[in-house]
Amino acid sequence: MKKRLLFGIIVFPLFHHAQVGINTTTPAATLDITAKNTTGTATNVDGLLIPRVDRQRAQSMASIPTSTIIYVNSIATGAQTGTAANINAVGYYSFDGSVWVKINTGNDVNIYNSDGTLTANRTVEMGTNFLRFQNTASGPFFRILHTATDGQATLQGTSRAAMTWSSNAASFLDILQDVGSAAQISIRGTSTGLFLGSATGSTAPVNLMANGATALTVINGGNVGIGTATPNANALLELSSASKGLLLPRLALTATNNASPLSAHVAGMKVYNTATNTSSAGNEVYPGEYINDGTKWGRSLSTSDVSILVGADGTDAVATSATITVPSGSNVGVNTNLSTFNFTLTRPSLVTFSANVSASLTTTTGTAITDGVPRLYRVYWQFTTVPAGSTITTGTAYGPSSGIYTGASPSGGTTGNMNTTPNMSLKLIPGSYTVVLTGLLTNIVSSSYNGQFGAAANDNVSIVAIPIK
């Protein structure tokens with residue numbers, strides 16, 4: 001009778017409320033277990049004791065309902081296969097319908113006390129919070145290690161991916177990439193510099209790449225190669241290209257004695273001047289390559305600077321003059337204009353005047369002179385027009401070339417050509433010039449005679465200008 005009454009007391013509430021309470025008359029769930037002693041210092045045990053089995057028993061169970069919970073108290077029996085494939089340690093396990101799955105607790109495997117393997121991609125959603133790895137001792141460091149073929153770490157943002165290294169929250173190194181923009185590596189704060197390269201003792205080169213190809217190489221010793229991965233060991237900088245050249249800095253100089261736009265004269269400095277400035281007399285500058293010697297600029301000479309103003313083409317440049325008759329008497333001379341040349345200089349230049357002019361002397365009847373008396377023949381340059389400010393004097397003989405003709409002897413003589421070579425070099429200022437090649441015959445103490453200039457086939461003239469500014 002008592003057993004039936006107890007059975008009714010237990011079973012009736014199940015049908016009436018479908019909830020069971022242990023140590024409580026008001027269960028709040030299907031099964032509500034309340035500790036017998038919820039407070040105090042009682043030593044009796046309160047809790048729920050899950051069925052305890054070894055791995056072999058767990059592996060042997062059949063038709064296991066999903067969500068069944070057990071406590072595996074030994075893995076000395078059974079094998080880590082089948083439904084027990086995940087049972088590798090003592091602990092709580094739940095059946096997921098296929099295998100037993102370990103229920104992790106605070107003392108189970110985690111990244112803080114054990115290594116492990118990701119079985120799939122994982123995401124930590126931080127929201128507006130940050131994730132920090134911090135150490136308070138010297139020595140330990142943060143490492144991302146990939147032991148497969150490629151080791152990679154990726155930072156990704158919708159508009160910017162950035163990483164910052166900080167020393168004592170004062171010196172900073174930033175690496176960032178904005179969407180559709182150039183990547184940046186920069187320092188800030190109290191950082192005193194940025195070094196890129198190989199460490200002390202390393203002989204490996206340092207390379208910069210562009211479009212997947214090496215563009216610049218720095219080898220051990222500081223030698224730099226652009227366009228070559230093996231710069232010459234004796235060259236600080238070697239440039240190599242089959243289709244490109246070196247473009248010097250292009251700037252506007254004001255005068256050869258003025259460093260501007262540089263702050264000071266620097267020996268060895270090389271630039272390309274784009275300006276023409278003649279406001280400082282004697283220190284004019286013109287477009288071209290300039291080198292500084294430490295006190296002034298000097299223009300480099302190129303073949304395009306050399307101007308052939310007249311001749312130098314191998315042709316007979318002096319026409320045969322009309323016959324000149326020199327009257328008898330002492331020191332009687334006759335001048336004749338052989339050729340006239342006009343030219344214009346655009347900058348101060350060193351101008352070289354060269355000529356090879358023939359001269360022939362005969363008696364007034366055209367026969368050889370046989371009296372043995374000396375006669376003077378001469379060819380020279382003289383200016384008839386010079387620009388204002390020039391130091392050249394018009395009408396003055398420049399670069400004369402002379403000879404004395406006496407004939408072979410009183411009993412014989414020659415009517416052949418003698419050569420003159422009137423040459424000179426003058427420093428001339430810019431402007432327009434007219435210069436005349438002039439011939440002179442002089443009768444010293446003799447009777448009259450005839451003469452001609454330019455009768456030979458190889459008479460030539462050249463006037464060449466080389467800028468000196």
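(A) Inspection of the sheet that holds strand β20 (residues 329-345) at higher detail. On the basis of which strands lie adjacent, the open sheet formed by 4 strands has the order β20-β26-β22-β23 and antiparallel pairing. Because the sheet does not close on itself, it has two edges, and the strands there are β20 and β23 (398-405). Put simply, the sheet's adjacent strands are angled 20° from each other on average, direction ignored. Alignment of β20 against strand β26 (residues 431-446), held across 15 bridges, turns out to be antiparallel. Within the sheet, the bridge partner assigned to threonine 340 lies in β26 and is valine 436.

(B) Summary view of the sheet that holds strand β6 (residues 100-102). Strand order in the open sheet formed by 4 strands is β3-β4-β5-β6, with mixed pairing between adjacent strands. The sheet is open, and its two edges are formed by β3 (52-54) and β6, each paired on a single side. The mean inter-strand angle of the sheet, taken between neighbouring strand axes irrespective of direction, is 45°. Relative to strand β4 (residues 69-74), β3 runs parallel, the two being bridged by 3 bridges. Looking across to β4, one finds that valine 53 is bridged to valine 72.

(C) Representation of the pattern of salt bridges within the structure. Inspection of every chain in the model, using the stated rule, returns 5 salt bridges. Here aspartate 293 ties to lysine 296 by a salt bridge, and the two come within 2.8 Å at their closest N and O atoms. Accessibility expressed as a relative area gives 42% for aspartate 293, which makes it partly exposed. Residue classification places lysine 296 among the partly exposed positions, given a relative accessible area of 40%.

(D) Highlighting the confidence of the model for the protein. When pLDDT is averaged along the protein, the result is 86; 91% of the residues meet or exceed 70. When the elements of the protein are averaged for pLDDT, helix α1 (residues 2-17) gives the smallest value, 50, and strand β14 (residues 250-251) the largest, 96.

(E) Quick look at the environment of glycine 225. Along the chain, glycine 225 falls in strand β12 (residues 224-226). For the pair glycine 225 and leucine 236, spaced 11 residues apart in the sequence, the C-alpha separation amounts to 8.4 Å. Excluding residues that lie within four positions of it along the chain, glycine 225 makes contacts with Ala215, Leu216, Thr217, Pro231 and Glu238.

(F) Expanded view of unusual backbone geometry. A cis geometry characterises the amide bond from serine 260 onward to proline 261, with omega recorded as 10°. We note that asparagine 23 has phi near 65°; this positive angle belongs to a residue other than glycine. The residue asparagine 23 is located in the loop between β1 (20-22) and β2 (31-33) in this model. Assessed through its relative accessible area of 51%, asparagine 23 is described here as exposed.

Criteria and thresholds
Residues numbered from 1 in each chain as written. Predicted model: local features only at pLDDT ≥ 70, side-chain atom pairs only at ≥ 80, totals over all residues. Heavy atoms only, no water. Pairing = 2+ DSSP bridges. Helix = DSSP H or I, 4+ residues; strand = E, 2+ residues; numbered from the N terminus. Axes fitted to C-alpha atoms, helices over the stretch in contact; angles between N-to-C directions. Salt bridge = Lys/Arg side-chain N within 4 Å of Asp/Glu carboxyl O. Buried < 20%, exposed > 50% of the residue type's maximum accessible area, 1.4 Å probe, protein only. pLDDT = per-residue confidence, 0-100. Contact = heavy atoms within 4.5 Å.

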